[in-house]
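Spelled out, the chains give:
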Amino acid sequence: MDVPPPARPFLVRLTDGRAWPGAEFADGFVCVHHPDEPTVCTIAVSVDALLEDRSPGDPLHGARVERQDDRPDHRKEYGP
């Protein structure tokens, strides 16, 4: 049996300045943790589905996904 690749971490930047950690799995499925509510996560079939069609009262309305390798100050600390 093949071992799937590890989940790829990301942050969801909310418009109010908070950041929620998330992970994207190889099949595109995502899970996002709500730090203010320790037992709550949002799941979706993709990053696009996570952010689409959110009403103005939803914390994810207007949010954006930031991946570690998207940050301009990101430096890989492994390899040659």
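Chemist: Would you explain the packing of aromatic side chains in this entry?
Modeler: Geometry of an aromatic ring pair is reported as the spacing of the ring centres plus the angle between the planes. Within the structure shown, the criterion is met by one aromatic pair. Ring geometry for F25 versus F29: centroids 5.7 Å apart, planes at 40°, classification tilted.

Chemist: Sorry, what's going on with the state of the cysteines here?
Modeler: What we call a disulfide is simply a covalent bond connecting the sulfur atoms of a pair of cysteines. Taken as a whole, this structure holds zero disulfides when the rule is applied. Here C31 stays unpaired: no disulfide links it, and the sulfur of C41, its closest cysteine neighbor, is 4.1 Å away.

Chemist: Before we go on, may I ask you to explain the pattern of salt bridges in this structure?
Modeler: Two side chains of opposite charge can pair, provided their charged atoms sit close to one another. According to the stated counting rule, one finds six salt bridges in the structure shown. Between R18 and D36 there is a salt bridge, with the nearest N and O atoms lying 2.6 Å from each other. In this pair, R18 sits in the loop between β1 (8-13) and β2 (19-24) while D36 sits in the loop between β3 (30-33) and β4 (41-44), placing the two residues 18 residues apart along the sequence. The exposure class assigned to D36 is exposed, which follows from its relative accessible area of 54%. Notably, a salt bridge pairs E24 with R67, separated by 2.8 Å at the nearest N-O pair.

Chemist: Teacher, can you tell me more about unusual backbone geometry here?
Modeler: Glycine aside, negative phi is the norm for most residues, and most peptide bonds take the trans geometry. The backbone phi angle of D53 is positive, close to 55°, even though this residue is not glycine. As for its placement among the helices and strands, D53 is situated in the loop between α1 (47-51) and β5 (64-67).

About the criteria used
Residues numbered from 1 in each chain as written. Predicted model: local features only at pLDDT ≥ 70, side-chain atom pairs only at ≥ 80, totals over all residues. Heavy atoms only, no water. Phe/Tyr/Trp six-rings, centres within 6.5 Å; stacked < 30°, edge-to-face > 60°. Disulfide = S-S within 2.5 Å. Salt bridge = Lys/Arg side-chain N within 4 Å of Asp/Glu carboxyl O. Helix = DSSP H or I, 4+ residues; strand = E, 2+ residues; numbered from the N terminus. Buried < 20%, exposed > 50% of the residue type's maximum accessible area, 1.4 Å probe, protein only.

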